Amino acid sequence: MNPSIKMPPQVAWDSGSLSGAPLMQKTTHLGDLNGIFADDEAWRGGDPALAVYRVEMLDTPSGDGELYTGVTHLNPGRVGNEFFMTRGHFHARREQGEVYFGLRGEGLLLLQAENGQTRLERVQPGSIHIIPGLTAHRLINTGHDILSALAVWPSIAGHDYAALSGGFALRVTTDILKLMAKEVQNG
Ligand code: PAN
Ligand code: ZN
């Protein structure tokens, strides 16, 4: 019997869109992000129906040893002077890590350890981000285009949003971004 060749799902490198397999999608709107942005007044003044980000996921099995694959498409924008970002989370199973790949646009991946220490990685087409266990993560769109990043994570990881309900220890605003750009220039 001849071996058969299966067409796997595809990711379009330019748009970050997934195809060729059953997908699940979830859009998060500005109105869903109560308490996430520092400037509450600016958040209240925004359109609650505005889409901030959309996650497309392959509809794959869950359970021990299974992996989920999803693409986050984060729109450009700001609330006050803080850039649009994902809600951000620790994994419910804290020890479980994840890999992100930058596909489109430019932004930052904010990582925060359990002791509150933060670090930032630049996300751009082709960037690879190894998120270790015990590390909270959030995408931030600092550019003018949609920021798309593909993620692969263990299906058993789960999400713990409540642990960060007080916010991450670092906020990326237009002012902070300018400061960081100066530091890079000055070496
Ligand atoms: C990603 C995130 C996705 C949306 O797939 O779930 O970027 O961010 P929030 O879940 O913080 O709203 C991931 O990290 N999965 O584990
Ligand atoms: Zn995650």
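Residues numbered from 1 in each chain as written. Chains lettered and ligands numbered in written order. Predicted model: local features only at pLDDT ≥ 70, side-chain atom pairs only at ≥ 80, totals over all residues. Heavy atoms only, no water.

Undergrad: How should the overall build of the protein be read in this particular structure?
TA: Helix and strand counts for the protein come out as two helices and 13 strands. Over its C-alpha atoms the protein spans a radius of gyration of 17 Å, differing by no more than 12% from the 16 Å that the globule rule assigns to 187 residues. Viewed in the frame of its principal axes, the protein has a C-alpha envelope of about 65 × 40 × 35 Å. When each of the 187 residues of the protein is scored for burial, the buried share is 38%. Taking contacts inside the protein between residues at least 6 apart in sequence as the whole, the part at least 24 apart equals 70%. On the protein, roughly 10300 Å² of surface is accessible, and the fraction owed to carbon and sulfur atoms is 53%. When the 15 positive and 20 negative side-chain charges of the protein are each reduced to one mean point, those points stand 2 Å apart. (Helix = DSSP H or I, 4+ residues; strand = E, 2+ residues; numbered from the N terminus. Rg over C-alpha atoms; globule rule 2.2 N^0.38 Å. Buried < 20%, exposed > 50% of the residue type's maximum accessible area, 1.4 Å probe, protein only. Contact = heavy atoms within 4.5 Å. Areas by Shrake-Rupley, 256 points an atom, 1.4 Å probe, with all protein chains shown as cover. Lys, Arg positive; Asp, Glu negative; His and termini not counted. Charge placed at Lys NZ, Arg CZ, Asp CG, Glu CD.)

Undergrad: Which parts of the structure should I look at to understand the nonpolar core?
TA: Note on soluble globular proteins: their nonpolar side chains tend to be buried together. With 33 residues, the main nonpolar core has Leu 33, Phe 37, Val 52, Leu 74, Leu 109, Leu 139 and Ile 140 as its most contacted residues. Listed by contribution, the elements that provide at least two residues to this core are strand S4 (51-58), strand S5 (67-74), strand S9 (107-113), strand S12 (135-141) and strand S13 (147-154). Setting aside anything within four residues of it in sequence, one finds Leu 33 in contact with Thr 28, Trp 43, Val 52, Tyr 53, Met 85 and Arg 87. Core analysis: the second largest hydrophobic core is formed by five residues, Leu 18, Val 71, Leu 103 and Leu 150 among them. (Core = buried A, V, L, I, M, F, W, Y, C linked by side-chain atoms within 4.5 Å.)

Undergrad: Can you walk me through the UniProt feature "domain: Glucose-6-phosphate isomerase prokaryote" (unreviewed entry) in the protein in this structure?
TA: Here the UniProt-annotated "domain: Glucose-6-phosphate isomerase prokaryote" (unreviewed entry) positions come out as residues 31-167. Summarising residues 31-167: 4% helix, 43% strand, and an end-to-end C-alpha distance of 17 Å. (UniProt positions renumbered as here; feature names shortened; annotations may be inferred.)

Undergrad: Got a minute to help me understand the sheet that holds strand S3 (residues 23-29) in this structure?
TA: Sheets are built from strands that pair by backbone hydrogen bonding, the pairs being arranged parallel or antiparallel. Pairing within the open sheet is antiparallel, and its six strands lie in the order S3-S4-S5-S13-S8-S11. Looking at which strands have only one partner, the edges of the open sheet turn out to be S3 and strand S11 (128-131). Across the sheet, the mean angle separating the axes of adjacent strands is 20 degrees when strand polarity is ignored. As paired strands, S5 and S13 are joined by eight bridges and run antiparallel to one another. Its bridge partner being in S13, Thr 69 is matched across the sheet by Val 152. (Pairing = 2+ DSSP bridges. Axes fitted to C-alpha atoms, helices over the stretch in contact; angles between N-to-C directions.)

Undergrad: Which parts of the structure should I look at to understand the sheet that holds S12?
TA: On the basis of which strands lie adjacent, the open sheet formed by three strands has the order S10-S9-S12 and antiparallel pairing. Because the sheet does not close on itself, it has two edges, and the strands there are strand S10 (118-123) and S12. Going across the sheet, the axis of each strand differs from the next one's by a mean of 20 degrees, ignoring polarity. The pairing of S9 with S10 spans six bridges and is classified as antiparallel. The residue of S10 that forms the bridge with Leu 111 is Arg 119.

Undergrad: How should the site of ligand 1 be read in this particular structure?
TA: Near ligand 1, the surroundings consist of 14 residues, among which Tyr 53, Thr 72, Gly 88, Tyr 100 and Tyr 161 are the closest. At 2.9 Å, a side-chain N or O of His 89 approaches an oxygen atom of ligand 1. Tyr 161 is positioned with one of its side-chain polar atoms (N or O) 2.5 Å from an oxygen atom of ligand 1. Relative to its unbound accessible area of 400 Å², ligand 1 is 95% covered by the protein chains. Elements with a minimum of two residues in the shell around ligand 1: S4 and strand S8 (98-104). Taken together, the residues that form the shell around ligand 1 break down as five nonpolar, seven polar and two charged. (Near = heavy atom within 4 Å. Polar contact = N/O pair within 3.5 Å; in protein donor to acceptor, adjacent residues only side chain to side chain. Nonpolar A, V, L, I, M, F, W, Y, C, P; charged D, E, K, R; others polar.)

Undergrad: Could you clarify how one ought to interpret the side chain of Thr 69 in this entry?
TA: One can find Thr 69 in strand S5. A relative accessible area of 19% means that Thr 69 is categorised as buried. Filtering out sequence-adjacent residues up to four positions away, Thr 69 remains in contact with Glu 56, Met 57, Leu 58, Leu 150, Ala 151, Val 152 and Trp 153.

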